[in-house]
Each structure stands twice: as C-alpha cells, then as structure tokens.
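A look at the structure
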Amino acid sequence: MVIPSILPVSINKVSVRKRGKSILNDISLDLDAVGFTIVMGPNGSGKTTLLRLMHGLQRPSDGMVSWNCTHDIARTRQTFVFQTPVMMRRSVRDNIAYPLRLAGLKAAETNKQASYWAAKVGIEARLGLDAMYLSGGERQKLALARALITQPEVIFLDEPTTNLDGKSTREIETILKDASKNGARIIMTTHDIGQAKRLASEIVFLNKGKVSEHSAAKTFFDNAQSAAAQAYLKGDIIE
Amino acid sequence: MTLAYKLLFFIMILSFSWPAQADNMRMAVTTSFHNSGLSDILLPEIQKGIGVEVQLIVVGTGQALKLGRAGDVDAILVHSKSAEEVFVSDGYGTHRREIMYNDFVIVGPTNDPARVAAATNVVEALKAIEETRSVFVSRGDDSGTHRKELSLWKLSGFEANKFSPAWYRAGGSGMGSTLNTASGMNAYVMSDRASWLKFKNKGELRLLFSGDPVLFNQYAYLPVSPKLHPHVKNDLAIKLENWLTGPHAQSLIAGYKISGETLFMPNAKPR
Amino acid sequence: MSDLWFGVLNAFRLILSFDADLYEIILRSLHVTVTAVIVASAIGLPLGAWLAVNRFRFRRLTIAFLNAMMGLPPVVVGLIVYILFSRSGPLGVFGLLFTPTAMIIAQVIIIMPLIASIAHQAIRDLWADYHDLLISLNTTKRQRMITLIWDARRSLLTASLAGFGRGIGEVGAIMIVGGNIDHVTRVLTSAIALETGKGDFALALGLGFVLIALAIAVNIIIHRLSKTERAGQW
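Residues numbered from 1 in each chain as written. Chains lettered and ligands numbered in written order. Predicted model: local features only at pLDDT ≥ 70, side-chain atom pairs only at ≥ 80, totals over all residues. Heavy atoms only, no water.

**Digging into the overall build of chain B**
- The helix and strand tally for chain B stands at eleven helices and twelve strands.
- For chain B, long-range pairs separated by at least 24 residues make up 75% of all intrachain contacts whose partners lie at least 6 apart in sequence.
- The average position of the 28 basic charges and that of the 25 acidic charges among the side chains of chain B differ by 2 Å. (Helix = DSSP H or I, 4+ residues; strand = E, 2+ residues; numbered from the N terminus. Contact = heavy atoms within 4.5 Å. Lys, Arg positive; Asp, Glu negative; His and termini not counted. Charge placed at Lys NZ, Arg CZ, Asp CG, Glu CD.)

Right, dumping it as structure tokens:
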C-alpha cells in the first residue's frame, strides 16, 4: 500500500498578527513535494512564524494553510527542530526515544532505535548522560536524532546551526543532506548565506512579512529579482 | 526513586498491620482527671478486672459533653453537676452516677500580693485578688473548672466577664496550659489539686489557699444513651460503671497519692 | 535555657532507651503522615499538572482557591472532618472518628492543596519549557501530564516532602479528629501537646527534638534514595 504524501503544502492569503503587530502579511506560497527549501530574510521578517504556521503551532489570523491531508494527520508526519532545542529532563537516550515511546513502542525497540539514530548524528557516546550536560552542538544533534527517529516526511528546522562551531555545523549539514537524499522534505531557516548555498534547492526570501522571492537556489543567488534580496546578499543592512 | 516508593510501601504495610483491639470503649474525661495520673493506675486495672480497654479522649467538660451528645463516645466522666443534669434530662445520658470528688486550690505568686494565704474562706480570697487587681489567669474554656471558677466569683459578688483584662486574663485553654501561663505571668490561678501537684513548671508559684468545702469538686460518670445512639457500647459502659463504683476501684482511688497527698475521695453510693 | 538543654538530653535518652511506647508513637506518626502524603500526592500531583496544561474558565479561580487552602488553619480542617465523621454527622456511620484513618483524612485535606500548588508551579515552569515540543509531537493531554509529572519528579518530590513536613508537625487537626488516645491515635505532636499541658517541658522538648530528627531523617533518606543529591541541578 502506498501512503499518500501529505505534500504539497499550500499557504493561501495568510496573515498573522500578534498583539496588534503584523508578522506575516497576506502571504501565498506553494511548496512542492520534493526539495530542500531554505527560508531566508532579515531579522523580524517572519521566518520562524512562517515555519510555525506550516507546522500548525501558529494559527493564521486570516487565510489558510492546506496540506494534502487533514491538519491532524499532517503534524504526525512532520517534526520541528526548534532554534533552542528542548532538552527534556531525561537521559540522551530517553530524549531521542521519546517520540517512539509516545507511540507506545516497547522499551527494547525504542532503545535500539535511539542508539541507531544517536550513532547517525554522532552522539552515541552520550546516550546514558542526562541531556542537560550536552554542549550546544550536541543538543542540536540530539534534537535532530529525536526528529529523524520518527522518519518524518517533512522536517522543519529553525536556525539549526546558529552559534555552533564549524565542525558541528558541518556534521549537522551532512546529516541534513543525508536525510534529504533519503526523501525527507526539509524546510529550514538560516542566516548563513553560505549554508543556504550549500544546502538549498530552493529559496523563499521574506521581507517585512511578505514573500519577496520564491525561486530555485541557483536563480536566487545568481540573479535575485527584488531589491531587498539583492541588498541582503550583498551584505547590506535592510531596514 | 522506585526504592523510595518501596520503602514508603513497607512503612505503610508495617503500620497497617496494627494489632486489632478486642473489647474497647471510648470515654471522654476531663484534663484535670487525666493530668492527675489516676487514669494510669485505673486503666490497667480495668483491663485486668473486666477485660475492657478504655480509650480516653481527654478534653474539657464542655467538649466532653458535646462528644457525648454527638454519640462519639460511650461514656463521659466529668465534673459540672448542673451541665450533667441537663445532659441527662435532655436524654443524651441514661443517668448520672457520682464516683469521687477532689478539690480546687488557689495557686499564686510566692510573695502573695493579695495575701490570699491569710484568707479564711474562698470568698475572702477572691475578693482580695479583685481588690488588689492582682493578675489572675482563668481557664476561659467553658470547662468544668472554668464554670466552677465563674460560680465562685459570683458567690463573691462579682461578674467575672466584667473584669478588666488588665488583670483578669481568660486563657481559653486546658489546665496545663493555663498553669503554664500563670507560671509565666507569676499570676493567681485556680486549679484542681491533682493538676497542680503533678505540674512540673511551678516556677515562683505555690499553693496559697485550699480546704473551703465550696471548693470540693464532684466527678460523675454518665453513660451515653443507647436509645439516641444505638451504636454506643452501653453494655461495656455499664460494666465499667459497676467496676468504678465497686470496692476495688474505690479503694484504688482512695489510695492514690502524689507527694503523700490524697487527691480523690471516693464517694460512690451502692445501688 | 536549662529546659532546652534538658530537652536535648531527654531526646537522646528517649531514643537510646528504645522505649516501646516511644517507637510506637513514632511509627504511628509516620504511618499517618506518610499515608496522607501518598494519598495527597496521588491527588495533588496530577491536579497540579492538570491545572498547568489545561485552560478553562475557572482556572485562575481554582488556583487562587488552592493557594488560599494552603493557609487553611489545621484546626478548622479538624473541626470540619470532626463534624463530618461524628456519629451525628453525615459520614458518622463509618465510625471513623478517633481512628488513625480520620487523622489521615484530615491530613490529606491539609496537605493536598500545598502539594498541588507547589506541583502546579513546578509543572507550569516545565510546561513553558516543553510546550512547543509536546504540541509539535502531537501529544494527548494525558501524555503531556504524564511526561511533565515524570520529568518534574524531583521538584514534585520536594512538593511531597513539603507536604510531609506540614503533616508530621501538625497537631491542631489530629488532636480533634484523633482524640490523642493513648496507644490508638497518639502521635508525636499530640504527645508533645500533652506533655506541655502537664508542664513537663523537658519531656515535651525531648519529643520535639525526636520529631525534628525524624523529619530530617526522612528527608535525607528520600533524597538519598531518589538520588537528587547526585544529579541535583534539575
């Protein structure tokens, strides 16, 4: 049996306002079933809100988000890696295994899977440690392993490598490339233009709560259309 | 974690397996009776004599009567005749049986500013305290002792509730706490003799006046009416009454002494 | 001052004498309060978690009520339980008055709000931490509560121990509903009240120090067993 994909996702005329402030302003955006989307844009342009909106953590004030299925099913096949990963007050093993435990799997099975994914992201030596003792890079890796263990169709990542050193960044990028190669649809935000160049198949560029560009990565970097995107790529400050 | 729960569980099991009591009844008694230590002598003898374990609820007379009225005890042993008679006439108790009496004493500071020790009767003693406005601590808890004290003030021509709190302090607690208060304030206080003799925190206080027949204090035993409260153990209450009024108990009561002083005079009349 | 000194001496004398009556009273104190803590925790911890993860109309009112209940004088609780379980009261048929069970019920009422309130605060903070993750993972309310209770377990242990502290030192309620009956409902605190009433401060203080030692011992043992010392930062 072939399980129908939850993709594509379509955002139709969505606005998000928080405490009277407009965060996203009448956005329409369609994302295909395949690809590695990177959402870029200056601070406060609404990148995080856009991801949370798609994942269902943020309700639209106007408009609607539609997946190729109901919202309830959609979220079960997505995971979200937050900018500051939530370290549950448990061991690394129990953190990674947590989503599977929720599904009611036996401890032996979840532990085996947790070990496998911990090894994948390179923190197998930390399995028995309380998660709070992990470094920043290790925390991101734990969050990735916890995201990958459910083998999701869509992975959202919010600035997964901010504040990490080069080694950790490279390791995480490798993991993401692997996941993408294995069919995961990745939608992430970053500030790092080099990272976007290395990873993205397409770019969504946000400015002031609007989508100012949505194009293939090569097109975007070689021939950005909007003035804001050109300025951003040049390294100017965008007000 | 799990070990902690195991330990807690163990403690629970341990404590739930408390030995079950056989024949037992509950009796509300006054603090003055219990503080005297007489109950420590009588309870084992009761167990030995009639095989009944008597569980004492030690409270003031007011509360003891209340417990009896609610049917929460099987019998009461108190000392406030008028209240007891109301208790019986209202149908809460089957009858009133006098067991013994003791007496009240006036205790006060050693230097005795009101010269209570020189009084010839209790009315004189109280008048002297009122006149000199010497600090006096009252039970103030509607107990038998408190009621007795109020009646003595009345006998002396005063309304105690009109006294100035500057010298008349109504404590609102049991005999022991009241004696503690009096000891702390170096004040006059009326106590039953037994509580006074057993009291260990005397400080500067000493016994100044006693012996006036008005100060005698009759204890009576009242079984709670099984008509009103079918669950009360009236058979055990009757058994206990017969034992308390019998020759063995009466001689035990007469023979009970603290520091060489007899505390209770048995005066149960045979039926 | 000498009373205090005699109190300490008496405490040692009491403990070392292996007096059967003393150990019986200690065991009964533990029985009553530990049982009450377990029951109150079984109610209070889930209640605290429930209040933290649910939004409903009277939530603030419920929390305010719970906090107010923490300050409830034990004597009032004792009186209410007494009236309920008195032979003339609505629950009189059970004949529970002047039994350890009645004391446990009174203590559950006294310490449950304390446990629930501390638990609510601890779990509310953790929930703020976990909120996005648990929503993202599509957890049910039940799963959220279980996860939060389990992960906040060390703070919750503190909540239960606070309940134990309030219970083991409580005298107002258990005097009224227990009656302080020798060998039946006498516990450390009511024994202390009794000895104080007799003016025997040395013995009362001795028992008081035994009570303090007991409370400390229970805290240390529980912390040891739960290994909070070792991984203390959570």
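Further notes follow.
**Details of the interface of chain C and chain A**
- On the chain A side, the residues contacting the 20 residues of chain C number 20 residues.
- Regarding the contact of chain C and chain A, the summed buried area is about 2000 Å², with carbon and sulfur atoms giving 57% of it.
- Run the count over chain C and chain A and you get two salt bridges.
- A salt bridge links Asp132(C) to Arg52(A); its shortest N-O distance comes to 2.7 Å.
- For the pair chain C and chain A, the number of links is six residue pairs in polar contact (both at pLDDT 80 or more).
- Only helix H5 (100-136), helix H6 (141-151) and helix H7 (153-168) of chain C provide two or more residues apiece to the side of chain C that touches chain A. (Buried area = accessible area lost by both parts, 1.4 Å probe. Salt bridge = Lys/Arg side-chain N within 4 Å of Asp/Glu carboxyl O. Polar contact = N/O pair within 3.5 Å; in protein donor to acceptor, adjacent residues only side chain to side chain.)

**Structural notes on the sheet that holds strand E1 (residues 9-18) of chain A**
Residues and elements named next belong to chain A.
- A sheet is described by the order of its strands in space; here three strands give the open sequence E2-E1-E4, paired in antiparallel fashion. For this open sheet the edge positions go to strand E2 (21-31) and strand E4 (62-66), each flanked by a neighbour on one side alone. Between one strand axis and the next, the sheet turns by 20° as a mean value, whatever way the strands run.
- Pairing between E1 and E4: four bridges, direction antiparallel. (Pairing = 2+ DSSP bridges. Axes fitted to C-alpha atoms, helices over the stretch in contact; angles between N-to-C directions.)

**A closer look at the sheet that holds strand E3 (residues 36-40) of chain A**
All names here are of chain A.
- The sheet built from six strands is open, its strands ordered E5-E6-E7-E3-E8-E9 with mixed pairing. Each edge of the open sheet is held by one strand with a lone partner, namely strand E5 (78-81) and strand E9 (210-216). Strand-to-strand twist across the sheet, computed as the mean angle between neighbouring axes with direction ignored, equals 15°.
- Pairing of strand E8 (residues 202-207) with E9 involves six bridges; the strand directions are antiparallel. Paired with Ile203 across the strands is Ser215, a residue of E9.
- Contacts from helix H6 (residues 166-181) reach E3, strand E6 (154-158) and strand E7 (185-189) within the one sheet, and its direction differs from that of E7 by about 145°.

**Looking at the packing of aromatic side chains**
- The full count for this structure, using the stated rule, is 22 aromatic pairs over all chains.
- Each ring, one from Tyr116(A) and one from Trp117(A), has its centre 5.2 Å from the other, and the planes form 85°; the classification is edge-to-face.
- Residue classification places Tyr116(A) among the partly exposed positions, given a relative accessible area of 46%.
- Taken together, a centroid distance of 6.1 Å and an interplanar angle of 80° make the contact between Trp153(B) and Tyr168(B) edge-to-face. Note that Trp153(B) is positioned in helix H7 (residues 144-155) and Tyr168(B) in strand E6 (residues 168-170), a separation of 15 residues in sequence. The same class applies to Trp153(B) and to Tyr168(B), which are both buried. (Phe/Tyr/Trp six-rings, centres within 6.5 Å; stacked < 30°, edge-to-face > 60°. Buried < 20%, exposed > 50% of the residue type's maximum accessible area, 1.4 Å probe, protein only.)

**Some remarks on the domain arrangement of chain B**
Residue and element names in this part refer to chain B.
- Under the domain assignment, chain B is made up of domain 1 (3-101 + 217-266) and domain 2 (104-215).
- Between the C-alpha centres of domain 1 and domain 2 there is a distance of 27 Å.
- Here domain 1 and domain 2 share an interface that buries about 1300 Å² over both sides, 58% of which is from carbon and sulfur atoms.
- For the domain 1 face of the interface with domain 2, the top three residues by lost area are Asn35, Asn217 and Glu261, together amounting to 30%.
- We note a salt bridge from Arg193 to Glu261, for which the minimum N-O separation is 3.0 Å.
- There are two residue pairs in polar contact (both at pLDDT 80 or more) connecting domain 1 and domain 2.
- Secondary structure elements with two or more residues in the side of domain 1 that touches domain 2: helix H2 (31-35), helix H4 (61-70) and strand E11 (261-262). (Domains from an automatic or database assignment.)

**Examining the confidence of the model for chain B**
- Confidence along chain B averages 88 in pLDDT terms, with 92% of residues attaining 70 or more.
- Here residues 14-20 of chain B is a poorly scored stretch, pLDDT under 50, and it has eight contacts once near neighbours within four places are set aside; other chains count. (pLDDT = per-residue confidence, 0-100.)

**Looking at the pattern of salt bridges**
- Enumeration according to the criterion identifies 25 salt bridges over all chains in this entry.
- For Asp62(A), the salt bridge goes to Arg17(A), with nearest N and O atoms at 3.0 Å. Taken as a pair, Asp62(A) in strand E4 and Arg17(A) in strand E1 lie far apart in primary sequence, 45 residues in all.
- The network of salt bridges with common partners includes Glu84(B), Arg96(B), Glu98(B) and Lys269(B).

**A word on the pairing of strand E1 (residues 24-30) of chain B**
Residue and element names in this part refer to chain B.
- With respect to burial, E1 is a largely interior element, seven of its seven residues being buried.
- Here E1 pairs with strand E2 (residues 53-59) via seven bridges, running parallel. Bridge pairing in E2 places Met25 opposite Val54.

**Details of the confidence of the model for chain C**
Residue and element names in this part refer to chain C.
- Mean pLDDT over chain C stands at 88; residues scoring 70 or higher make up 96%.
- Across chain C, the element-wise mean pLDDT spans from 77 in helix H1 (residues 2-16) up to 94 in H5.
- Predicted as a complex, the structure gets a pTM of 0.81 and an ipTM equal to 0.88.

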